[in-house]
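In case you want the letters, here they are:
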Amino acid sequence: MTEIPREEYILKCTSACAGCGDSLSLRYVLKAAGPDTVLVVPACCTSVIQGIYPNTAFNVPVYNVAFAAAAACASGMSAALRAAGKKTNVIAYAGDGGTVDIGIQALSGAFERGADFLYICYDNEAYGNTGMQRSGATPLGARTTTTPAGKMQPKKDLDAIVAAHRPPYMATACPAYPKDLFQKVKKALSYRGPTFIHILSPCPPGWRFSTEKTVEMGKLAVRTGMWILYEREQGKVTINGPSKAAMVKPLPVGEYIRAQGRFKGISAETVARMVDDAAALARRLQKEEEGIC
Amino acid sequence: MLTVATGNKAVAAAVKEAAPAVVAAYPITPQTEIVEQIAEYVSSGELKSQYIPVESEHSAMAACIGASVTGARTFTATSSHGLHYMHEMVNWAAGARLPIVMANVNRALGPGWNIWAEHTDAFQERDSGWLQVYVGSVQEAFDAVLMAFCIAEDERVLLPVMVNLDGFLLSHTMQPLEIEKAGDFIPPLHLPHAIDPQNPCGYGTLTGPDDYFRLRWDIERSMRDAVDVIRGTQERFARRFGRKYGMVDEYRCDDAEVVIVAAGTLGREAEVAVDLLRDEGTRAGSMRIRWFRPFPRLDLSGRDVVVIDRDYSFGFGGVLAKSIAATEGARPFSVIAGLGGQEVTYEDIAGFVRNRQPGRELWFGVNGDV
C-alpha cells in the first residue's frame, strides 16, 4: 500500500467544530489527491471551515460556488483544464444537502455527460452548516431541527442514483477508516470520467455525541452494518473488509443508535425497519459482488 | 464575407471568430439556433471549443464560471426563463469578476407562455454587475459579440457582458451580414486571478462586511471605467471594420425639439418615425439606448422626450423612462409598448410623439392613460 504522505493540505486553525468528521475526511482526501488539485465547494460546512477572507486554511485552490452548482462548475473547470492540456485533479466536494437535494440535477447532468472529475459527497445526514435541518440523506427516525419528532422517511439511496449513471468508479468511505478512504481517492483519481465517493461523516453537534467519539462513531456505523464500505469499479462490486466482517458478525445496532442523541426516543419498530433496510442493502450488494444480479 | 443571416446565426458566427475555449449552453426558444450552430461548428471542427451540453441554464452559467476561472474564454447564450433560471449564477459570475460573454435573446416571461420579444427578462438583471448592450440589427449582433469579448476581458473591466437581441425580430430575421475575420482584434485573455495550484488561493471564501463592501465598490469602479473601455473598443472597431457605434445611437438629434428614446429594434423603428415626423414638419430625433449597463448619459436638455419601454417594473414604471427621469431630470412621456411581442410600427411611434403628454404614462393599445 502507498504510504500516506506527511504533507498536510488542511492547515491548523480551521473553523471546524471540535471532532469534525468532515475535517478528517478532507485531510485524507487531499493527502491522496496531492497539490495539483482544485476543490470546488458549494455551500456546506466546508465553505465555512476554510476560514475567513483573506485567509484560508486549505493549501490547495478552493473554488467556492453556489449551493446547486458544484458538479456543473467542476465539469466546466475540468473541460477548460483538459483543453489547456492540464491534468489538475478537479474534486467537487459537497455535503449531503448539496448532493442529494439541491445539487442532484447538476450531479446527474455532469455524470451523464461523462465529465472528468471526482465528486465527493461527505454526508453528515443533515444540513449542518445551517444548524442541522433534515436533508434527503437524514436517516429514518433521526431528530433534526425540522424533524423534531424524528424523520418519517428513510434515507435517500444516493448510491443507487449515482450507480444508474454507470460511472467507471464509485465507492463509499468513512474517515474512521483513513487508509481505505485514502486508497479510494487515489483509485478514483486514476480514472478518467466522473467518479464518485460517498463518505459517511460523523458530526458531533448534529448527531449529538461527544467530540472525542467521531472515529468511534464511524466504526460503529460500519460494524453495526448501518454503513457499508464498498466499491463499484467498472460496475463490479467489492465489499470492503470491515463491512465483510460486519456482515458475518455485526455488532448490535443499538450500540450505534444509543450512542447518538439524535435517535433519542426512537421506537423499536423504527429501529427494526432501519435494520431491515440495512440488511436488504447488504444482501443486494452481496448478490452483486457474487455476480448474481 | 457578405452574406445574409439571422441574428442567431450572426451571434454564432461571431462566437466562431472569438473562439472561446469553452461553450456551455442549454437550448431555449428563440435562442436555440445559436447553440445549434455552435454545436455544428464544434462538430465539424471549424471551432475548437469544448462544447458542454448542460442539463439546465443554472448549470450553463456554473460551467462557464468553472471554466472561466481557469483563465479560459467562455461563452453561453440564453433567453427569458433560461436567464432567470441561471439568475443566481449570473450574479456569481459578476461577483467573481469573470469575463464571460452571453447572448440573451430577449423574450417575455410567463405566465402565460409567450416566446416573443420583451426586454423585462434582461432588465431584471440590471443590478447583477453585468454589462449589457442591446443591438438593433443582425450586423450589430455580430459586431457587439466580437466587441463584448474585448470589453469583458479588458483588465480595467473584468466583468461579464450580456449582448441582447430581440426575440424573432432579430433572432429569426434575415438581414445582410458582413462576417469579419476577427484576427487579432480580440487580444488573448490573461485573467489575473486565474486558478493556479502553484499559488493556492481561496475563491469566494466567507467574507466579512468590510472586505465584502470593498469588493462591491471595486465592481462599481470597474463599471465606471468600462465606459472608456467601451468607447475605446468601439473606436478601434470602427477603424478596423468601418462601422461606428456609441453608448447611444443618435439619429437626427442635432436640432431636434423632441427625442424618442428606445432600445433594440424599437429604436430602429423610431428612426423611421423620425423621418415621417420630419416630413410633417416636426423636428424629431431618436436615441437608441445601446449600453444599458453602464447606463449612458443622454443630451436631452430643452427637449421633449418620448420614451418607449418594451418592459415594465410593476408598481414603478417603464425601466428606461424611470432611469432617464432619474439620471437626466427629464419628464418623459412614457409609452409602454411591445410587451410580449406586441407589434409597434413607425406610424404608431409617430402617433406617440404627436400626442405626447410629458410626465404621463401610456400603455399602448391597452389603456389610454394610467
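Residues numbered from 1 in each chain as written. Chains lettered and ligands numbered in written order. Predicted model: local features only at pLDDT ≥ 70, side-chain atom pairs only at ≥ 80, totals over all residues.

### Observations concerning the interface of chain A and chain B
- Counting residues at the interface gives 39 residues for chain A, matched by 36 residues for chain B.
- The leading source of residues in the side of chain A that touches chain B is helix α3 (residues 70–83) of chain A, at 10 residues.
- Two elements, strand β2 (residues 62–64) of chain A and strand β9 (residues 202–203) of chain B, share two bridges in a ladder whose sense is parallel. By the bridge assignment for β9 of chain B, tyrosine 63 of chain A is matched with tyrosine 203 of chain B. (Contact = placed C-beta atoms within 7 Å. Helix = DSSP H or I, 4+ residues; strand = E, 2+ residues; numbered from the N terminus. Pairing = 2+ DSSP bridges.)

### Quick look at the environment of alanine 21 of chain B
- One can find alanine 21 of chain B in the loop between α1 (7–18) and β2 (22–24).
- Take alanine 21 of chain B: there are 21 C-beta atoms within 10 Å of it, and that puts it in the buried class.
- Separated by 246 residues in the primary sequence, alanine 21 of chain B and glycine 267 of chain B place their C-alpha atoms 34 Å from one another.
- For alanine 21 of chain B, the residues in contact, after removing those within four places along its chain, are Ala80 and Ala83 of chain A together with Ser49, Gln50, Ala67, Ala72, Arg73 and Thr74 of chain B. (Buried ≥ 20, exposed ≤ 12 C-beta atoms within 10 Å, placed from the backbone.)

### Points about the domain arrangement of chain B
Residue and element names in this part refer to chain B.
- Taken domain by domain, chain B comprises domain 1 (2–180 + 196–241) and domain 2 (248–363).
- Of note, the centres of domain 1 and domain 2, computed from C-alpha atoms alone, are 26 Å apart.
- On the domain 2 side, the residues contacting the 26 residues of domain 1 number 21 residues.
- When residues in the side of domain 1 that touches domain 2 are grouped by element, the largest group, five residues, is from helix α8 (residues 209–241).
- Looking at the side of domain 1 that touches domain 2 residue by residue, the classes come out as 14 nonpolar, eight polar and four charged. (Domains from an automatic or database assignment. Nonpolar A, V, L, I, M, F, W, Y, C, P; charged D, E, K, R; others polar.)

### Quick look at the sheet that holds strand β14 (residues 304–309) of chain B
Residue and element names in this part refer to chain B.
- The sheet built from six strands is open, its strands ordered β10-β12-β11-β14-β15-β16 with mixed pairing. Either end of the sheet is taken by a strand with one partner, and the two such strands are β10 (248–251) and β16 (361–363). Averaged over all neighbouring strand pairs, the angle between strand axes comes to 20°, with direction disregarded.
- Judged from the four bridges that link them, β14 and strand β15 (residues 333–336) form a sheet pairing that is parallel. Pairing of isoleucine 308 across the sheet is with valine 335, part of β15.
- Its contacts with the sheet place helix α9 (residues 265–280) against β10, β11 (258–263), β12 (284–289) and β14, and it is angled at close to 175° to β12.
- Here helix α11 (residues 346–354) sits on the sheet in contact with β11, β12, β14 and β15, set at roughly 140° to β14. (Axes fitted to C-alpha atoms, helices over the stretch in contact; angles between N-to-C directions.)

### Quick notes on the packing of α1 of chain B against helix α7 (residues 138–153) of chain B
Residues and elements named next belong to chain B.
- Contact pair α1 / α7: the axes reach a minimum separation of 8 Å and the direction vectors enclose 30°. As summarised for this structure, α1 and α7 are arranged roughly parallel, according to the angle between their axes. α7 is crossed by α1, and the crossing has right-handed handedness. Residues Gly7, Ala10, Val11, Ala13, Ala14, Val15, Glu17 and Ala18 of α1 lie in contact with α7, whose contacting residues are Val138, Ala141, Phe142, Val145, Leu146 and Phe149.
- Split into classes, the residues belonging to the contact of α1 with α7 amount to 12 nonpolar, one polar and one charged. (Parallel < 35°, antiparallel > 145°, perpendicular 65-115°, else oblique. Left-handed = near helix turned anticlockwise from the far one by under 90°.)

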